[in-house]
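Chain and residue survey
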Amino acid sequence: MPETQTDGLEVLETREWLDSLDYVLSKGGPERAGRLLQQLSLHAKRAAGVNLPFTATTPYTNTISAIQQPPFPGSQEMERRIKSLVRWNALAMVVRANKLQEGIGGHISTYASAATLYEVAFNHFLHARTESGDRDLVYFQGHAAPGIYARAYLEGRIPKQKLENFRRELKPEGGLSSYPHPWLMPNFWEFPTVSMGLGPIQAIYQARFMRYLENRGLKQTTGGKVWAFLGDGEMDEPESLGSITLASRERLDNLIFVVNCNLQRLDGPVRGNGKIIQELEAIFRGAGWNVIKCIWGTDWDSLLRNDRDGILVKRMGEISDGQYQKYFVESGAYFRHNFFGTDPRLLKMVDHLSDEQLARMRLGGHDPIKVHAAFKAAVEHQGSPTIVLAKTIKGYGLGEAGEGKNITHQQKKLNDDELRMFRSRFGIPIPDDELHDAPFYRPSDDSPEVRYMQERRKQLGGYLPERKVRSQPIPSGWESHFEEFHKGTEGRDASTTMVFVRLLGKLLRDPQIGKLIVPIIPDEARTFGMEALFRQVGIYSSVGQLYEPVDMDTLLYYKEALNGQILEEGITEAGSMCSFIAAGTAYATHGINTIPFFIYYSMFGFQRIGDLIWAAADMRTRGFLIGGTAGRTTLAGEGLQHQDGHSHVLALAVPNILSYDPAFAYEIAVIIQDGIKRMYIDQESVFYYLTVTNEPLPMPEMPHGEGVRDGILRGLYRFKASEKKDPKLKAQLFGSGAIMYEVLKAQQILEEKYNVAADVWSVTSYKRLYREANHCDRWNMLHPGQPPQVPFVSQCLKDAKGVFVAASDNMKILPESIARWVPGPLVALGTDGFGRSENRASLRNFFEVDAKHIVLATLNALATEKLIAPEEAQKAVRDLGIDPEKPNPAFS
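Right, let's walk through the structure included here. Everything quoted here is computed from the prediction, not taken from an experiment. (Residues numbered from 1 in each chain as written. Predicted model: local features only at pLDDT ≥ 70, side-chain atom pairs only at ≥ 80, totals over all residues. Heavy atoms only, no water.)

Some words on the pattern of salt bridges
Under the defined criterion, the tally for this structure stands at 52 salt bridges. One salt bridge in this structure joins Lys506 and Glu484, with 3.3 Å as the shortest N-O distance. Residue Lys506 is located in helix α19 (residues 496–508), and its partner Glu484 is located in the loop between α18 (448–459) and β6 (493–494); the two are separated by 22 residues in the primary sequence. On the basis of relative accessibility, which here comes to 28%, the residue Glu484 falls in the partly exposed class. We note a salt bridge from Arg526 to Asp551, for which the minimum N-O separation is 3.4 Å. Taken together, the positions of Arg526 in the loop between β7 (517–521) and α20 (532–537) and Asp551 in the loop between β8 (539–540) and β9 (560–561) put the pair 25 residues apart, joining distant regions of the chain. What makes Arg526 partly exposed here is its relative accessible area of 44%. (Salt bridge = Lys/Arg side-chain N within 4 Å of Asp/Glu carboxyl O. Helix = DSSP H or I, 4+ residues; strand = E, 2+ residues; numbered from the N terminus. Buried < 20%, exposed > 50% of the residue type's maximum accessible area, 1.4 Å probe, protein only.)

Comments concerning a negative patch on the surface
Together, Asp416, Asp433, Glu434 and Asp437 make up a negatively charged patch on the protein surface. Counting through the fold element by element, Glu434 comes out in the loop between α17 (416–425) and α18. (Patch = residues over 30% accessible without salt bridge, like charges linked within 9 Å, V, L, I, M, F, W, Y side chains within 5 Å. Areas by Shrake-Rupley, 256 points an atom, 1.4 Å probe, with all protein chains shown as cover. Lys, Arg positive; Asp, Glu negative; His and termini not counted. Charge placed at Lys NZ, Arg CZ, Asp CG, Glu CD.)

Some points on the sheet that holds strand β12 (residues 624–628)
By way of backbone hydrogen bonds, the strands of a sheet pair with one another, either parallel or antiparallel. Strands sit in the order β10-β7-β11-β12-β14-β13 across an open sheet of 6 strands; the sheet is parallel. Of all strands in the sheet, those with a lone pairing partner are β10 (567–568) and β13 (657–660), marking the two edges. This element, helix α21 (residues 573–584), spans β7, β10, β11 (595–601), β12 and β14 (687–691) of the sheet and lies at about 165° to β11. In the packing of helix α23 (residues 606–618) onto the sheet, the strands contacted are β11, β12, β13 and β14, and the crossing angle to β14 comes to about 155°. (Pairing = 2+ DSSP bridges. Contact = heavy atoms within 4.5 Å. Axes fitted to C-alpha atoms, helices over the stretch in contact; angles between N-to-C directions.)

Describing the packing of helix α2 (residues 76–100) against α17
Two elements in contact, α2 and α17, have axes separated by 11 Å at closest approach and are oriented at 165°. By the angle class used here, α2 and α17 are roughly antiparallel. For the pair α2 and α17, the sense of crossing is left-handed. Across the interface between the two elements, Arg87, Trp88, Leu91 and Lys99 of α2 pack against Leu419, Phe422 and Arg423 of α17. Along the lines of polarity and charge, the residues of the contact of α2 with α17 split into 4 nonpolar, no polar and 3 charged. (Parallel < 35°, antiparallel > 145°, perpendicular 65-115°, else oblique. Left-handed = near helix turned anticlockwise from the far one by under 90°. Nonpolar A, V, L, I, M, F, W, Y, C, P; charged D, E, K, R; others polar.)

Some remarks on the side chain of Asn290
Mapped onto the elements of the fold, Asn290 is located in strand β4 (residues 290–294). At 3.0 Å, the side chain of Asn290 forms a polar contact with the side chain of Thr386. Those residues in contact with Asn290 that sit more than four places away from it in its chain are His381, Ser384, Pro385, Thr386 and Ile387. (Polar contact = N/O pair within 3.5 Å; in protein donor to acceptor, adjacent residues only side chain to side chain.)

Thoughts on the sheet that holds strand β2 (residues 226–231)
The sheet built from 5 strands is open, its strands ordered β1-β2-β3-β5-β4 with parallel pairing. Both edges of this open sheet fall to β1 (137–139) and β4, since each of them pairs with a single strand only. This sheet shows a mean twist of 15° between the axes of neighbouring strands, independent of strand direction. Bridge count between β2 and strand β3 (residues 255–261): 6 bridges; the pairing is parallel. By the bridge assignment, Trp227 is partnered in β3 with Ile256.

Digging into the environment of Asp134
Its location among the elements puts Asp134 in the loop between α3 (109–124) and β1. According to the relative accessible area criterion, Asp134 is buried, its value standing at 10%. Considering only alpha carbons, one finds Asp134 and Gln220, 86 residues apart in sequence, at a separation of 8.5 Å. What Asp134 contacts, discounting residues up to four positions off in sequence, is Ala128, Arg129, Met210, Lys219, Thr222 and Gly224.

With respect to the packing of aromatic side chains
This structure, assessed with the given rule, holds 56 aromatic pairs. For the pair Phe598 and Tyr600, a centre-to-centre distance of 4.6 Å together with 45° between the ring planes defines the contact as tilted. Both residues of the pair, Phe598 and Tyr600, count as buried. Among the aromatic side chains, those forming a connected cluster through ring pairs are Tyr111, Tyr118, Phe122, Phe125, Phe140, Tyr149, Phe166, Phe188, Trp189, Trp227, Phe229 and Phe375. The lysine or arginine in question, Arg622, covers the ring of Tyr587, its NZ or CZ lying 3.6 Å from the ring centre. (Phe/Tyr/Trp six-rings, centres within 6.5 Å; stacked < 30°, edge-to-face > 60°. Lys NZ or Arg CZ within 6 Å of the ring centre and 35° of its normal.)

Regarding the environment of Leu533
Structurally, Leu533 can be placed in helix α20. Between the alpha carbons of Leu533 and Gln454 there is a distance of 50 Å; along the sequence they are 79 residues apart.

Considerations on the pairing of β12
Counting buried positions along β12 yields 5 of 5 residues, so the element is predominantly enclosed. Of the two faces of β12, the one lined by Phe624, Ile626 and Gly628 and the one lined by Leu625 and Gly627 are each fully buried. By the bridge criterion, 5 bridges tie β11 to β12 in an arrangement that is parallel. Pairing of Tyr601 across the sheet is with Gly628, part of β12. In the sheet, β12 pairs with β14 via 4 bridges, with the strands oriented parallel.

Things to note about α18
Taking 1.5 Å per residue as the helical rise, α18 with its 12 residues ought to reach 16 Å, and the 16 Å between its terminal C-alpha atoms agrees with that figure. Listing the buried residues of α18 in full gives Glu449, Val450, Tyr452, Met453 and Arg457. Across the axial projection of α18, the buried residues extend over an arc of 160°, all falling on one side. Across α18 from its buried face, at more than 90 degrees, point the exposed residues Lys458 and Gln459. Looking one or two residues beyond α18, the residue adopting positive phi is Gly461, at roughly 95°. (Expected span 1.5 Å × (residues − 1). Arc of directions from axis to C-beta.)

A look at the environment of Ile277
Mapped onto the fold, Ile277 is located in helix α9 (residues 276–286). Residue classification places Ile277 among the buried residues on the basis of a relative accessible area of 0%. Along the chain, Ile277 and Gly591 lie 314 residues apart, while their C-alpha atoms are 38 Å from each other. Apart from residues lying up to four places away in sequence, Ile277 is in contact with Tyr60, Cys261, Lys293, Ile295, Leu389 and Lys391.

Now the structure itself:
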């Protein structure tokens with residue numbers, strides 16, 4: 001058969017099949033057609049081994065066709081006018097700020113591209129309060145902050161003066177932060193979303209935590225959604241995609257991602273040679289999400305409807321994002337020639353459209369009808385999370401000043417002509433003679449625009465964003481659980497991790513606060529000796545336990561339950577930290593005082609997820625971070641990547657975290673009891689970091705001396721004074737964590753072999769001592785001539801005699817941070833350098849923090865002060881068996 005005849009027959013067959021499918025669609029609907037296609041596919045595979053080509057994507061068109069989209073419920077014209085006012089004020093805010101202060105920064109183009117996405121959401125979807133009493137939680141894209149401020153200004157929530165002081169927060173009248181920062185604007189922003197990537201992962205775990213609260217009976221199921229507005233370039237961050245399978249696995253249909261696909265990141269195209277929308281569709285469909293693409297606006301509907309042979313859809317799928325970006329900035333004639341001109345049939349489809357009409361054809365993300373349809377489908381979808389991929393143009397509306405151009409992210413200024421063009425394009429009633437100053441514009445309160453905005457927000461329950469503390473302080477009555485730990489272990493060995501786990505178990509059984517405790521573990525419960533909690537409170541699972549555990553016959557089997565209390569997150573510190581943030585901010589977001597305890601390998605905290613810890617601080621998170629297996633020399637055998645000697649150094653950077661390195665059981669009890677009081681009764685915006693170790697040691701009874709409790713909390717107290725009477729030589733030894741026991745050994749050696757009377761001090765928190773001392777110094781500097789404030793560390797040591805030696809399992813810089821307030825030179829021993837796989841004794845010798853090195857450091861300090869002869873210290877080197885030529889552990 002000739003080839004032309006074969007081609008003709010194939011076309012005829014194809015047309016017959018398409019006509020048949022159209023008939024099934026008209027009679028049985030999309031569901032029947034879908035079942036039929038599935039049956040045909042199975043039949044072809046079974047009968048003839050036909051394998052359909054794999055594709056993770058759908059055609060480059062809207063997921064919701066024009067015939068499927070619902071009617072638009074509002075006034076398109078009114079919402080267009082409101083959106084134009086928001087656009088103008090957002091632009092004016094950045095332009096004015098940079099005219100007044102060169103280089104102050106700000107972003108125009110992100111909100112310009114996302115304005116329709118936000119306005120449709122604000123007017124129709126984002127509930128400040130639902131009918132059932134819940135609300136939506138919204139993670140706003142950080143770079144779109146000017147638009148959110150501009151809308152709040154039109155709503156009357158932010159005064160004009162604050163807009164004048166955008167990025168000038170230290171002005172007397174106050175200002176607006178660059179991005180969403182709850183620490184800086186605690187009544188406005190709820191969630192920090194910069195650095196990029198933090199919003200997506202936080203939103204996932206927030207949505208899961210809402211289900212956790214509901215399934216545990218702490219919160220009613222009320223239909224609130226978690227929305228995350230994101231950028232397409234942001235999706236390259238590992239945090240953006242790393243936890244998306246959790247959302248589908250947990251069937252989180254309360255979660256909606258909205259990705260503003262303007263195809264550009266800071267420097268250029270997101271995928272110049274590819275298609276970011278198709279790439280993200282494949283990723284999220286593969287992960288089990290409901291994907292809704294919103295690519296083409298209403299102007300394209302008739303063309304797609306007449307695309308009977310699919311040539312237009314095929315052409316849409318051929319073009320790379322880099323080329324689409326070129327189309328955005330060129331003329332309609334260029335678009336006609338380069339996009340449609342590749343096929344006469346395509347050219348014929350648009351011969352009724354002028355070049356000007358072609359240039360104005362909107363994309364889906366700029367069309368409120370298409371966006372509304374996508375959002376409505378997302379809200380109504382059940383059984384899985386949804387991602388909306390909305391195609392937009394970065395800098396939309398900026399024209400020659402930056403619309404669709406690679407430089408648009410950095411655009412901060414517009415000249416008078418550019419301002420005039422923007423003003424005219426969006427119909428802002430500002431005369432030409434005022435344009436140079438880019439004035440703000442707000443219609444009167446009784447204007448149609450403002451009334452419409454207010455009515456829509458009233459219907460949706462109030463304003464967003466808005467942050468409120470919705471919880472009340474917890475009641476007292478739980479304090480007795482801590483008393484047991486004041487007595488010590490009566491000679492029995494116990495690690496501080498074991499102490500913590502026992503204390504946690506007692507708190508979980510408390511009738512008042514037990515249900516509020518949220519234990520969070522990244523797959524290390526057995527390492528920390530927490531398996532007893534599996535049986536006691538269960539591991540949370542949204543489906544319960546659908547299998548018989550392999551260890552079912554044991555007492556401490558792996559028990560999953562719908563109302564389980566433990567969040568066993570698997571091997572993800574980032575995900576665990578997001579659960580910690582969700583639980584630690586529930587006092588504000590949900591009005592529930594959940595108390596999270598997140599225990600993890602201390603090495604994998606501040607070092608690995610420092611950005612999320614910083615975000616937690618910004619969000620005024622409450623709770624306890626527990627750095628387990630802490631200390632460079634206390635975690636035996638694990639080696640370089642596991643042995644932590646610097647998390648407390650990194651904790652110095654976080655302003656509102658209280659960090660402690662306790663040595664004894666009673667110290668842990670005192671600190672946690674005080675933490676619960678400060679955070680959940682006094683309502684302070686702080687959170688805690690405690691390091692605990694896995695070395696079993698005898699826990700002593702809490703000393704009864706005056707000021708011990710206060711000293712534990714403030715960072716320093718004398719644990720054991722020397723018993724020598726009238727000594728000639730004295731020393732003050734500082735110990736922390738597990739190295740405290742090496743300090744106590746050193747005290748004994750110094751007294752028995754070298755006749756040095758040594759007092760031992762427990763330093764529970766170098767950070768607290770450092771911060772308080774700096775606070776005193778600052779006050780003294782600002783109040784010359786007034787009686788100076790004396791730092792707590794100086795008060796404690798004012799009568800201490802002799803030399804001062806500090807030893808810890810952390811870097812030397814930690815004890816050195818308080819050296820200037822110690823009444824004498826401070827010798828610091830610490831664990832600078834990479835860890836090793838060894839036992840504890842060898843590691844402490846290697847890092848020179850064991851008892852013999854503490855003794856030598858003390859004797860050398862005495863020699864330096866000319867209190868003993870240098871020869872005595874030299875002799876001690878030999879007597880103690882120290883190799884003076886060993887490599888320096890700091891860089892060996």
